[in-house]
Amino acid sequence: MPASQSRARARDRNNVLNRAEFLSLNQPPKGAPEPRSSARKASGPSAQPPPAGDGARERRQSQQLPEEDCMQLNPSFKGIAFNSLLAIDICMSKRLGVCAGRAASWASARSMVKLIGITGHGIPWIGGTILCLVKSSTLAGQEVLMNLLLALLLDIMTVAGVQKLIKRRGPYETSPSLLDYLTMDVYAFPAGHASRAAMVSKFFLSHLVLAVPLRVLLVLWAFCVGLSRVMIGRHHVTDVLSGFVIGYLQFRLVELVWMPSSTCQMLISAW
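Residues numbered from 1 in each chain as written. Predicted model: local features only at pLDDT ≥ 70, side-chain atom pairs only at ≥ 80, totals over all residues. Heavy atoms only, no water.

Per an unreviewed UniProt entry, the protein chain is named Phospholipid phosphatase 7 (inactive), and its organism is Cebus imitator.

Structure follows, in structure tokens:
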């Protein structure tokens, strides 16, 4: 043992790096990380493990980060297309809302545009249909009017149910009128006036004998009713287009469940 120790001291004295001018090279620079040996020593039995509660909390946070705080860098094509179409819809609806407020560019025509929209409201159509039904004296007329009344009631219930389910607001902060509250036409999607205008115009085109100019005017009336709801800022463009589609589907449904004259006479006599 003494001989081996003396040989080790001799090697240390002969090592050039142990001289005073080279000692700084053997020391780690300031701010450098500790060597792995010291890290292993610190992880020995004398080192205190972190508290169990902190470790569980860190693991829980690391599991929640991808779902809560991470940004979705690769959205799907469907999501990009839907958001783009939604942005285009909002932009077009804002531009077409020329009668949305008193400071709008067509604010002076707001009353006339609202009057066009009222022609597609449910209350005047239901009241007028009931009045014509009472005044009618022919079985064919009563059959057509009774089925029209069924279609109008179906339209109000369908639009009110879909609007209550989706609850989409209009492009502008416009409050519904009293007539809108009566027919539960409070939200924007779908446009109840547009669905009613499309359904009524298709109903008249199918069951009334009209000249060509009147048929053209009927289609233009339905289009103007839908456009008027966008101009006053009450609905988006997609709300009106969806209303037209729903109105056509309602017409097809009424055609499938068409009530014959005997059923209509039984309902009228029950009144």
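From this point, the narrative continues.
### What about the pattern of salt bridges?
When charged atoms on two side chains of opposite charge get close, those side chains can pair. Summed over all chains, the structure comprises five salt bridges. Between R168 and D239 there is a salt bridge whose closest N-O contact spans 2.8 Å. Note that R168 is positioned in the loop between α8 (139-166) and α9 (178-182) and D239 in helix α12 (residues 237-256), a separation of 71 residues in sequence. Since its relative accessible area comes to 18%, R168 is described here as buried. Classification of D239 by relative accessible area gives buried; the value is 0%. Ionic pairing is found between R234 and D180, a salt bridge with its closest N-O pair at 4.0 Å. Here R234 is found in the loop between α11 (212-231) and α12, whereas its partner D180 is found in helix α9, with 54 residues between them in sequence. Taken as a pair, R234 and D180 share a single burial class, namely buried. (Salt bridge = Lys/Arg side-chain N within 4 Å of Asp/Glu carboxyl O. Helix = DSSP H or I, 4+ residues; strand = E, 2+ residues; numbered from the N terminus. Buried < 20%, exposed > 50% of the residue type's maximum accessible area, 1.4 Å probe, protein only.)

### A word on the packing of helix α10 (residues 192-207) against α11
At a minimum axis distance of 8 Å, the contact between α10 and α11 shows a crossing angle of 175 degrees. In terms of axis orientation, α10 runs roughly antiparallel to α11. Where α10 abuts α11, its residues H193, A194, A197, A198, S201, F204 and L205 lie against R215, L218, V219, W221, A222, V225, G226 and R229. In terms of residue class, the contact of α10 with α11 is made up of 10 nonpolar, three polar and two charged. (Axes fitted to C-alpha atoms, helices over the stretch in contact; angles between N-to-C directions. Parallel < 35°, antiparallel > 145°, perpendicular 65-115°, else oblique. Contact = heavy atoms within 4.5 Å. Nonpolar A, V, L, I, M, F, W, Y, C, P; charged D, E, K, R; others polar.)

### With respect to the packing of α10 against α12
Viewed as axis vectors pointing N to C, α10 and α12 meet at an angle of 40 degrees, and their least axial separation amounts to 7 Å. In terms of their interaxial angle, α10 and α12 are classed as oblique. Crossing of α10 over α12 shows right-handed handedness. Along its contact with α10, which presents A194, S195, A198, M199, K202, F203, S206 and H207, the element α12 presents V240, G243, F244, I246, G247, Y248, Q250, F251, V254 and E255. Grouping the constituent residues of the contact of α10 with α12 by class yields 10 nonpolar, six polar and two charged. (Left-handed = near helix turned anticlockwise from the far one by under 90°.)

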